[in-house]
Amino acid sequence: MSVSQTNDGLSGGLINLETIKSKPDVNFRRTKIVCTIGPACWEVDQLETLIDAGMNVARFNFSHGDHEGHLAVLNRLREAAKNKNANIAVMLDTKG
């Protein structure tokens, strides 16, 4: 069945005007927001702001900095996630 053959003009019949207008439940969101963590957002309060804005994944770029510095930021990220009762994935982008 093509889009032009559906009654509401939307493919699959799972989407209608009411679902488009309704406020989405972010717990079921499939899209992820990946934030690269850098010096501008290393502090707990800044990380909490990113979590409030919808961050799902924190990306650490290992092309810059050292392991000890990234560990310190990771520990602050864990603290911020705990404060916000949020699950945040961590992505490590290695050199090369």
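Let us look at the structure shown here.

## Let's talk about the sheet that holds strand S2 (residues 57-61)
Here comes step 1: Read from one edge of the open sheet, 3 strands run S1-S2-S3, paired in parallel fashion. Among the strands making up the open sheet, the edge pair consists of strand S1 (34-36) and strand S3 (89-93). Adjacent strand axes in the sheet meet at a mean angle of 25°, parallel and antiparallel pairs treated alike.
Here comes step 2: Here S2 pairs with S3 via 5 bridges, running parallel. Among the inter-strand pairings, Asn 61 is bridged to a residue of S3, identified as Asp 93.

## Comments concerning the nonpolar core
Here comes step 1: Counting residues in each nonpolar core, the largest one holds 16 residues, and the members touching the most others are Ile 37, Ile 51, Met 55, Ala 58, Phe 60, Leu 77 and Ile 88.
Here comes step 2: Looking at this core, the elements with two or more residues in it are helix H2 (44-52), S2 and helix H3 (67-83).
Here comes step 3: Examining the composition of this core, we find that 5 residues originate from one element, H3, more than from any other.
Here comes step 4: Among residues more than four places away in sequence, those in contact with Met 55 are Ile 33, Cys 35, Ile 37, Leu 47, Leu 50, Leu 77 and Ile 88.

Basis of the calculations
- Residues numbered from 1 in each chain as written.
- Predicted model: local features only at pLDDT ≥ 70, side-chain atom pairs only at ≥ 80, totals over all residues.
- Heavy atoms only, no water.
- Pairing = 2+ DSSP bridges.
- Helix = DSSP H or I, 4+ residues; strand = E, 2+ residues; numbered from the N terminus.
- Axes fitted to C-alpha atoms, helices over the stretch in contact; angles between N-to-C directions.
- Core = buried A, V, L, I, M, F, W, Y, C linked by side-chain atoms within 4.5 Å.
- Buried < 20%, exposed > 50% of the residue type's maximum accessible area, 1.4 Å probe, protein only.
- Contact = heavy atoms within 4.5 Å.

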